[in-house]
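# Structure at a glance
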Amino acid sequence: MNPTKPLPLNEGKVPGLVSKQKKRSNLLILLVILVLYIVSSLQTNSSLLRFDGEFFSNVWRMMSQMWPPQFAYAPMIWPKLMETIQMAVLSTVLAALFCIPLCLVSAQNIVRNKWIYNGMKGFLNILRTIPELILAVLFVGLFGIGVFSGILALFIFSLGILAKLMSETIEGIDNHQLEAMEATGGNRLQVIWYAVIPQILPQFASFSLYVFEINIRASVVLGFVGAGGIGLLIQQQINFLNYPAAMAVVMIIFFVVVIIDFISNKMREALL
Amino acid sequence: MNTSVLPPPKPKRWKSFWIKTVSILLFSVLIGWSILGIAGGLNIERVFSMTTIERAQTVIPQLLQLNGEQFGRIVGLIIETLAIAFTGCLMATVFSVPLGFLTAKNMMGNTWLGQVVHSFFKVWLNATRTFPEILLALIFVASIGPSPFAGVLAIAIGSTGMLGKLFGETIETVDMAVVEAMQANGANKVQILFYAILPQVIPEFLSYAIYRFEIDVRASTILGVIGAGGIGTLIVISAANRNWGEVGLIVLCIIIVVTVIDYFSAFIRRKLV
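Rules behind the numbers
- Residues numbered from 1 in each chain as written.
- Chains lettered and ligands numbered in written order.
- Predicted model: local features only at pLDDT ≥ 70, side-chain atom pairs only at ≥ 80, totals over all residues.
- Heavy atoms only, no water.
- Helix = DSSP H or I, 4+ residues; strand = E, 2+ residues; numbered from the N terminus.
- Rg over C-alpha atoms; globule rule 2.2 N^0.38 Å.
- Buried < 20%, exposed > 50% of the residue type's maximum accessible area, 1.4 Å probe, protein only.
- Contact = heavy atoms within 4.5 Å.
- Areas by Shrake-Rupley, 256 points an atom, 1.4 Å probe, with all protein chains shown as cover.
- Lys, Arg positive; Asp, Glu negative; His and termini not counted.
- Charge placed at Lys NZ, Arg CZ, Asp CG, Glu CD.
- Polar contact = N/O pair within 3.5 Å; in protein donor to acceptor, adjacent residues only side chain to side chain.
- Salt bridge = Lys/Arg side-chain N within 4 Å of Asp/Glu carboxyl O.
- Expected span 1.5 Å × (residues − 1).
- Bend = angle between axes of the 7 residues up to and from the residue.
- Phe/Tyr/Trp six-rings, centres within 6.5 Å; stacked < 30°, edge-to-face > 60°.
- Patch = residues over 30% accessible without salt bridge, like charges linked within 9 Å, V, L, I, M, F, W, Y side chains within 5 Å.
- Axes fitted to C-alpha atoms, helices over the stretch in contact; angles between N-to-C directions.
- Parallel < 35°, antiparallel > 145°, perpendicular 65-115°, else oblique.
- Left-handed = near helix turned anticlockwise from the far one by under 90°.
- Nonpolar A, V, L, I, M, F, W, Y, C, P; charged D, E, K, R; others polar.
- pLDDT = per-residue confidence, 0-100.

## A short note on the overall build of chain A
A tally of helices and strands in chain A yields 10 helices and zero strands. N-terminal to C-terminal, the α/β element order of chain A is α-α-α-α-α-α-α-α-α-α. Computed over C-alpha atoms, the radius of gyration of chain A comes to 28 Å, more than 25% over the 19 Å expected from 2.2 N^0.38 for 272 residues, which places it beyond the range of a compact globule. In terms of overall dimensions, chain A has a C-alpha envelope of 90 × 70 × 35 Å along the principal axes. Sorting the 272 residues of chain A into buried and exposed places 48% on the buried side. Considering only intrachain contacts with a sequence separation of at least 6, the fraction spanning at least 24 residues in chain A is 76%. Per element, the accessible surface of chain A, about 14900 Å² overall, is 70% carbon and sulfur.

Written out as structure tokens, the structure reads:
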């Protein structure tokens, strides 16, 4: 027997890192994604072939038309910008107030009745699935064009988010304190006031600020459907083909959002 | 000998007292300013008037009386909405992988150039995340015309901001010991990428991409409001036509589709990570 020849254990093959089964399932997933991509890009007519010279020249033409931004238009912007911020503030405050009873009722460790808290959770989930702009379309139909519809839409949308986040926070608190309060004879309200509230107050403030950030971004676009705010100005200027003014509005929004996000982030870091 | 243990002295409260007072004051000023500013435009008399009550009496029953005349069209548009979200999200995921590597501190090294590239892309991604998708869509509609393609582009750019940031943060948490081991064995950069880094990050990348798809579905339902394709177009048209039954049906369809997708996405993500 020739000693230099290796024993034919695996017919000379080295076993791979990934098993055959795993490879096959990975390939299958990749194929499914590819097929879905082809179908959806055909459906939306957005295959990679669309990124041709014409597309880039269109976008470039748009960019060059938008530049330089016409900041002379700024005095028209301030009142609407203030309105946008005020809408976001009011809807956040309303949502924060109304969220307190809702999140208590939908927390598993406060309300022990399975039907009530599961029902409330389902309700909040449904509330969150409707985008705020569609709520705004509905409310504009009901209450007419104006700030009120916008505030209501933002309020309902952010109520869903805030109540969900808060009920999850309440479910994560230290239950020993609740039990201790109950054992010493505290009633429901006392338990909530002295055992729950102190534990969730920082998170409550932090989440409210987070929802405020979301509301600022959302209130920017509510104007597209006539629910108040700065969105109306952008749409008007683009429809009038006054692109430099539209660019000025967009840039001012950009700076305001960045500043508000920065302040809110710093405050949230200090809170938690 | 006194054995009783005194509780620790109360911390000085003056500083926190001032912080609290000032923040409450600022907060009340902010709310007061908002209420005063908005009160003029609120039109409370008009909102809570007889016309609103009359309108509510006609609108709300009609909303619940689902009008299924155009059910086929609604289903088609919802599929288009999902297709916009999927195409945009996939594009963003593919783009975000290199961007994630460019924003990860541990991949760019400590050289001067690496630092500059890292901070440049970080700032760029943050800037992209500032704009709501629908604002981007408005600009794309203006430049390439109202089409689903504008929506796809807006979703893709909007998602790249978030996914690139999350991917970069994931890459920063990679176990560098594996990378060093491969380097010590003489592996080149490509081998390190495929055998040391990607296996560690792919499950989380997929999980984030699926989560972003959830958000994109919600976002693409409203893109149609400004003409960038999807179900939003029909909802604006039927609301303008006072066809409240159809609006009700569309909202119901959106609720169902979004809930189903949320459920599946949560299920897959639980299995992945």
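Still to come is the rest of the account.
## Digging into the overall build of chain B
Each helix and strand counted, chain B has 12 helices and zero strands in total. N-terminal to C-terminal, the α/β element order of chain B is α-α-α-α-α-α-α-α-α-α-α-α. Relative to a compact globule of 273 residues, whose C-alpha radius of gyration would be 19 Å, chain B shows 26 Å and is clearly more extended. Taken over the C-alpha atoms alone, chain B extends approximately 75 × 70 × 40 Å along its principal axes. Carbon and sulfur atoms provide 70% of the accessible area of chain B, an area that totals close to 15000 Å². Across chain B, the 19 positively charged side chains and the 14 negatively charged ones have centroids separated by 12 Å.

## As for the side chain of R217 of chain A
Inspection of the secondary structure assignment puts R217 of chain A in helix α8 (residues 188–222). Polar side-chain contacts of R217 of chain A include one of 2.7 Å to the backbone oxygen of R129 of chain B. Among residues more than four places away in sequence, those in contact with R217 of chain A are V257 and D261 of chain A together with R129, T130 and P132 of chain B.

## Here's the deal with the interface of chain A and chain B
Interface size is often expressed as the accessible area that is lost when the parts come together. Listed as interface residues are 57 residues of chain A and, on the opposing side, 60 residues of chain B. There are zero salt bridges connecting chain A and chain B. Along the contact surface separating chain A from chain B lie four residue pairs in polar contact (both at pLDDT 80 or more).

## Quick word on helix α9 (residues 231–239) of chain A
Residues of α9 of chain A that are buried include every one of G231, L233, I234, Q235, Q237 and I238 of chain A, and no others. Backbone geometry just downstream of α9 of chain A places L241 of chain A in the positive-phi region, at approximately 60°.

## Remarks on helix α4 (residues 71–103) of chain B
In an α-helix, one turn spans 3.6 residues; hence positions three or four apart end up facing the same way. Look at α4 of chain B: 46 Å from first C-alpha to last across 33 residues, which is about the 48 Å you get at 1.5 Å a residue. By the largest-angle criterion, S96 of chain B marks the main kink of α4 of chain B, which is about 35°, and a proline, P98 of chain B, follows within four residues.

## Let's talk about the packing of aromatic side chains
All told, the structure shown has 13 aromatic pairs over all chains when counted by the stated rule. With a centroid separation of 5.1 Å and an interplanar angle of 70°, the aromatic rings of F55 of chain A and F56 of chain A are classed as edge-to-face. Given a relative accessible area of 8%, F55 of chain A falls into the buried group. An aromatic cluster of at least three residues, connected via ring pairs, comprises F55 and F56 of chain A together with F149 of chain B.

## Notes on unusual backbone geometry
Of note, the phi angle at L241 of chain A is positive, near 60°, even though the residue is not glycine. Its relative accessible area of 59% is what places L241 of chain A among the exposed residues. For R242 of chain B, which is not glycine, the phi torsion reads 60° and is therefore positive. Residue position: R242 of chain B is located in the loop between α11 (232–240) and α12 (244–272).

## A word on the pattern of salt bridges
Residue and element names in this part refer to chain A. The final tally for this structure, using the stated rule, is 13 salt bridges over all chains. A salt bridge links K80 to E83; the shortest N-O distance between them is 3.6 Å. Separated by three residues within a single helix, K80 and E83 lie in helix α3 (residues 74–105), roughly one turn from each other. Residue classification places E83 among the buried positions, given a relative accessible area of 16%. Between E168 and K164 there is a salt bridge; the shortest N-O distance is 3.5 Å.

## Considerations on a nonpolar patch on the surface
A grouping of L66, L252, I256, V260, Y263, F264, F267 and I268 of chain B is seen on the molecular surface, where their side chains present a nonpolar patch of about 750 Å² in accessible area. Here Y263 of chain B shows up in helix α12.

## Overview of the packing of helix α8 (residues 148–172) of chain B against helix α10 (residues 189–223) of chain B
Residue and element names in this part refer to chain B. Put simply, α8 and α10 touch, their axes get as near as 10 Å, and they point 150° apart. Considering their axes alone, α8 and α10 lie roughly antiparallel with respect to each other. Crossing handedness for the pair α8 and α10: right-handed. Seen from α8, the contacting residues are G151, I155, G158, S159, M162, L163, L166, F167, T170 and I171; seen from α10, they are V201, E204, F205, Y208, A209, Y211, R212, I215, D216, A219, S220 and L223. In terms of residue class, the contact of α8 with α10 is built from 14 nonpolar, five polar and three charged.

## Remarks on the confidence of the model for chain B
Looking at chain B, the pLDDT average stands at 85 and 97% of residues meet or exceed 70. Listed scores for the predicted complex are pTM 0.84 and ipTM 0.81.

## A closer look at the confidence of the model for chain A
Where the model shows low pLDDT, its predicted coordinates should not be examined in detail. Per-chain confidence: chain A averages 85 in pLDDT, with 94% of residues scoring 70 or above. Across chain A, the secondary-structure element scoring lowest on mean pLDDT is helix α2 (residues 53–66) of chain A, at 81, and the one scoring highest is helix α6 (residues 147–171) of chain A, at 91.

## Some remarks on the side chain of Q237 of chain A
Here Q237 of chain A shows up in helix α9. Once residues within four sequence positions are removed from consideration, Q237 of chain A is found in contact with Y73, N242, Y243, A245 and A246 of chain A.

## Considerations on the packing of helix α4 (residues 114–129) of chain A against α6 of chain A
Residues and elements named next belong to chain A. Between α4 and α6, whose axes approach to 8 Å, the crossing angle comes to 140°. The angle between α4 and α6 falls in the class oblique. Remark: the crossing between α4 and α6 carries left-handed chirality. Two secondary-structure elements touch here, α4 through K121, L124, L127 and R128 and α6 through I156, F157, L159, G160, I161, A163, K164, S167 and E171.

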